[in-house]
Amino acid sequence: MPRRERAVITNTPITVAFAASPLGRVLVAATAAGLCAVYLGDDDDTLLAALRAECPAAPISAGAAPGAAAAAIAAYLRNEADLPPVPLDLHGTPFQQWVWQALQAIPRGSTRTYGQLARDLGLPVTAARAVGRACATNPLAIVVPCHRALGADGKLHGFRWGIERKRALLALEGVLLPEG
């Protein structure tokens, strides 16, 4: 996973927990202020290495704090429970944070195109590419639901955690898309 352009956490201790899910492994990271990362992947070491690459100055250790959130996210991915509200510690540019707030307003089971999100933010549809880039830098998979953003053609385009995971997340939420 390449490093993404966003404001990173510096010197703030981060605790991490892992959980198994139907979509693979889930890494949940938190600072004292709230969740700062939720990553999806195939193995813990790769996920932890990605977090270290994004937050190179932050001390990272295993901890109990994000464990409950990891369990809740895994339960959500098994379709056993809704996501509970949790405090977030989002680090990004003002534009990225603006887009991430708009993503959080998309209800479960709904989608928006990048152009629709741009218009929702009062921007011209030509800002769709910038909105898509902000989605790509989202550090909180599932919690900040960037998987609900689609291309102008209504199809899946890009997802930091893989297109099949994006399709599975949307299916979990009742959004069925054509395979193509």
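Residues numbered from 1 in each chain as written. Predicted model: local features only at pLDDT ≥ 70, side-chain atom pairs only at ≥ 80, totals over all residues. Heavy atoms only, no water.

Break down the environment of Pro-139 for me, citing the residues and quoting the values.
If you trace the backbone, Pro-139 turns up in the loop between helix H5 (128-136) and strand S6 (149-150). Linking Pro-139 and Val-38, residues 101 residues apart in sequence, is a C-alpha distance of 6.3 Å. (Helix = DSSP H or I, 4+ residues; strand = E, 2+ residues; numbered from the N terminus.)

Summarise the packing of helix H3 (residues 94-104) against H5; cite the residues concerned and give the values.
Interhelical geometry of H3 versus H5 gives an angle of 85° and a closest axis separation of 9 Å. Here H3 lies roughly perpendicular to H5, going by the angle between them. Contacts between H3 and H5 involve Phe-95, Gln-96, Val-99, Trp-100 and Leu-103 from the first element and Ala-130, Val-131, Ala-134 and Cys-135 from the second. Here the contact of H3 with H5 is built from residues that sort into eight nonpolar, one polar and no charged. (Axes fitted to C-alpha atoms, helices over the stretch in contact; angles between N-to-C directions. Parallel < 35°, antiparallel > 145°, perpendicular 65-115°, else oblique. Contact = heavy atoms within 4.5 Å. Nonpolar A, V, L, I, M, F, W, Y, C, P; charged D, E, K, R; others polar.)

Before we move on, can you summarise the pairing of strand S1 (residues 14-21) with the specific residues and values?
Across three bridges, S1 lies against strand S4 (residues 60-62) in parallel orientation. Across the sheet, residue Ile-14 finds its bridge partner in S4, namely Ile-60. Pairing of S1 with strand S2 (residues 24-31), which is carried by seven bridges, proceeds in the antiparallel orientation. For Ala-20, the partnering residue across the bridge sits in S2 and is Arg-25. Counted between consecutive antiparallel strands, the loop separating S1 from S2 contains two residues. (Pairing = 2+ DSSP bridges.)

Run through the packing of aromatic side chains, naming residues and quoting values.
Counting across every chain of the model gives two aromatic pairs. Considering the side-chain rings of Phe-95 and Trp-98, the 6.0 Å spacing of their centres and the 75° angle between planes classify their relative orientation as edge-to-face. One end of the pair is Phe-95 and the other is Trp-98, both in helix H3 and three residues apart, which spans about a single turn. Taking relative accessible area as the criterion, Phe-95 reaches 28% and is therefore assigned partly exposed. Just above the ring of Tyr-39 sits the side chain of Arg-160; from NZ or CZ to the centre is 5.2 Å. (Phe/Tyr/Trp six-rings, centres within 6.5 Å; stacked < 30°, edge-to-face > 60°. Buried < 20%, exposed > 50% of the residue type's maximum accessible area, 1.4 Å probe, protein only. Lys NZ or Arg CZ within 6 Å of the ring centre and 35° of its normal.)

Which residues make up unusual backbone geometry, and what values go with them?
The backbone of Asn-79 shows a phi angle near 60°, a positive value even though the residue is not glycine. Inspection of the secondary structure puts Asn-79 in the loop between helix H2 (67-77) and H3. The phi angle at Ile-142 is positive, at roughly 75°, despite the residue not being glycine. Relative to the assigned elements, Ile-142 resides in the loop between H5 and S6.

Give me the lowdown on the nonpolar core, citing residues and values where you can.
Ile-14, Val-38, Leu-51, Leu-77 and Leu-103 are the most contacted members of the largest nonpolar core, which has 56 residues in total. Among residues more than four places away in sequence, those in contact with Ile-14 are Ile-9, Ala-29, Ala-30, Thr-31, Cys-36, Leu-51, Cys-55, Ala-58, Pro-59, Ile-60 and Ser-61. (Core = buried A, V, L, I, M, F, W, Y, C linked by side-chain atoms within 4.5 Å.)

Break down the state of the cysteines for me, with residues and values.
Using the criterion set out here, one finds zero disulfides in the structure. Its sulfur unpaired, Cys-146 is 6.1 Å from the next cysteine sulfur, which belongs to Cys-135. (Disulfide = S-S within 2.5 Å.)

Now, about the pattern of salt bridges: what can you tell me, with residues and values included?
For the structure shown, the criterion picks out seven salt bridges. Residues Asp-120 and Arg-112 are paired through a salt bridge, measuring 3.9 Å at the closest nitrogen-oxygen approach. Under the relative-accessibility criterion, Asp-120 is labelled exposed at 54%. Look at Arg-112 and you get partly exposed, because its relative accessible area is 26%. Arg-167 is the salt-bridge partner of Glu-164, the closest N and O atoms lying 3.8 Å from each other. One end of the pair, Glu-164, and the other, Arg-167, are both in helix H6 (residues 163-172), three residues apart, so they sit about a helical turn from each other. Residue Glu-164 is classed as exposed on the basis of its relative accessible area, which comes to 53%. Looking at Arg-167, the relative accessible area reads 14%, which means it is buried. (Salt bridge = Lys/Arg side-chain N within 4 Å of Asp/Glu carboxyl O.)

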